[in-house]
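An overview of the molecular structure
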Amino acid sequence: MRTCRVCRGTAVIDLPRHNASFCAEHLQQLCRRQFAKAIDDFEMLAPGDRVLVAVSGGKDSLAVWDLLIDAGYEADGLYVGLGIGDYSTESGEYVRRFAAERQLALQTVDLREEYDYDVPTASSVTGRVPCSACGLSKRHLFDLAALEGGYDAVVTGHNLDDEAAVLFGNTLRWDLDYLARQFPVLPARDGFPKKVKPLVRLTERETAAWCLVRGIDYVVEECPIAAGNRHLGYKESLNAVEAQSPGTKATFYLGFLDRIAPLLTDRRLDDDVELSACTRCGSPTPNEVCAFCRQLDTVRGHDPVAVEMVVPRRRRR
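What this report covers is the structure whose coordinates are included nearby.

1. Overview of the pattern of salt bridges
A full pass over the atoms with the stated rule returns 19 salt bridges. Asp70 is paired through a salt bridge with Arg32; the nearest N and O atoms lie 2.6 Å apart. In this pair, Asp70 sits in helix 2 (residues 59–70) while Arg32 sits in helix 1 (residues 24–41), placing the two residues 38 residues apart along the sequence. Here Asp70 falls in the partly exposed class, since its relative accessible area comes to 32%. Of the residues examined, Arg32 reaches a relative accessible area of 31% and is grouped as partly exposed. In this structure, the salt-bridge partner of Lys249 is Asp161, at a minimum N-O distance of 2.6 Å.

2. What about helix 6 (residues 130–149)?
With 20 residues, helix 6 ought to run about 28 Å at 1.5 Å a step, and its terminal C-alpha atoms sit 28 Å apart, in line with that. Within helix 6 the residues assigned to the buried category are Pro130, Ala133, Cys134, Gly135, Leu136, Ser137, His140, Leu141, Phe142, Asp143, Ala145 and Ala146. Remark: Gly150 follows helix 6 within two positions and exhibits a positive phi of approximately 70°.

3. Examining the nonpolar core
Core analysis: the largest hydrophobic core is formed by 57 residues, its most contacted members being Phe22, Met44, Leu45, Val53, Trp65 and Leu68. Here Leu68 is in contact with Phe35, Leu45, Val51, Val53, Tyr73, Ala75 and Val155, once residues within four sequence places are set aside. Counting 31 residues, the second largest nonpolar core, distinct from the first, contains Ile84, Ala133, Ala145 and Leu296.

4. Comments concerning the packing of aromatic side chains
The tally for this structure, following the rule as stated, stands at four aromatic pairs. Between Tyr115 and Phe292, the ring centres sit 5.5 Å apart and the planes meet at 90°, which makes this aromatic pair edge-to-face. Residue Tyr115 is found in helix 4 (residues 111–115), and its partner Phe292 is found in helix 13 (residues 291–299); the two are separated by 177 residues along the sequence. Relative accessible area serves as the criterion here: at 17%, Tyr115 is assigned to the buried category. Residue Phe292 is classed as buried on the basis of its relative accessible area, which comes to 3%. Relative to Tyr234, the ring of Phe168 has its centre 5.7 Å away and its plane inclined at 75°; by these criteria the two rings are edge-to-face. With a gap of 66 residues between them, Phe168 in helix 7 (residues 160–172) and Tyr234 in helix 10 (residues 230–244) connect regions that are remote in the sequence.

5. Describing the packing of helix 2 against helix 3 (residues 85–102)
Any two packed helices are characterised by the angle at which their axes cross and by the distance between the axes. Two numbers describe how helix 2 lies on helix 3: the axes approach to 11 Å, and their chain directions differ by 15°. By the angle between their axes, helix 2 is roughly parallel relative to helix 3. The two elements helix 2 and helix 3 meet at a crossing, and its hand is right-handed. Counted together, Leu62, Trp65 and Asp66 of helix 2 and Phe98, Ala99 and Arg102 of helix 3 form the full contact between these two elements. When the residues that make up the contact of helix 2 with helix 3 are grouped by side-chain class, the tally is four nonpolar, no polar and two charged.

Analysis parameters
- Residues numbered from 1 in each chain as written.
- Predicted model: local features only at pLDDT ≥ 70, side-chain atom pairs only at ≥ 80, totals over all residues.
- Heavy atoms only, no water.
- Salt bridge = Lys/Arg side-chain N within 4 Å of Asp/Glu carboxyl O.
- Helix = DSSP H or I, 4+ residues; strand = E, 2+ residues; numbered from the N terminus.
- Buried < 20%, exposed > 50% of the residue type's maximum accessible area, 1.4 Å probe, protein only.
- Expected span 1.5 Å × (residues − 1).
- Core = buried A, V, L, I, M, F, W, Y, C linked by side-chain atoms within 4.5 Å.
- Contact = heavy atoms within 4.5 Å.
- Phe/Tyr/Trp six-rings, centres within 6.5 Å; stacked < 30°, edge-to-face > 60°.
- Axes fitted to C-alpha atoms, helices over the stretch in contact; angles between N-to-C directions.
- Parallel < 35°, antiparallel > 145°, perpendicular 65-115°, else oblique.
- Left-handed = near helix turned anticlockwise from the far one by under 90°.
- Nonpolar A, V, L, I, M, F, W, Y, C, P; charged D, E, K, R; others polar.

These results come straight from atomic positions and should not be treated as a statement about function.
Structure representation (structure tokens):
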């Protein structure tokens, strides 16, 4: 039986990248320390900030909400019902239960009820992958809610595994514009709220363990229409490397932030695209009508499409 590196008590988790095992108490200590270090190192938040947490019902978004409250931040949640069949129904139930049990403020937006479309239908009508319609919808609604609510920042639950996978893909393509923007803080600018990712020093396994020891129930199943997303493939590749060489993901991503990201600062700040207010909703856009409103014009009013109709086929190996 493994023992905790700190107290020598019974360990609940073994973390090869730290070459150590931890009991429940000291696992939480580790997570709090990594969470706080990310916030401090990248100046994500200041004491007294009001933040809006993008919650999905999964482990990462609920873990970051819990960590924020645990650290004393005023953090409200926003859940967007995407209309992805039973998956969305179940996810929403986990979010509402989490908020109710802790007496936290939760805002909800239902795409079908408020905008007359859902993600599966948008994917079917536009012929684009579901993740495209999903991401566009969530970004617009989170920005809108944060600005209207006067929040200091939008917080998302992107973890170390997520960011390493995105970095891997951007590096394979040497996409310098995306590499320049891959930073755990996006400063506020006209029409856009500040966005931060406090979990970038914690892995998926660590956030899952946080939820376990804190008694947080979350939706375990992956989104049924995300199958085939290339970032999932990048994660699998990095997992294989990590299994052979623990700590590789952290070295890869945190090394990028420390050594390479500073070299791309000028490219990140050189934003010469002129933005104006969307003539429909007022959001910043380089065009007369923003991408969200153009999508809305195309997809609203169509009959709902079953989730099974837009599940991507897995590539043959």
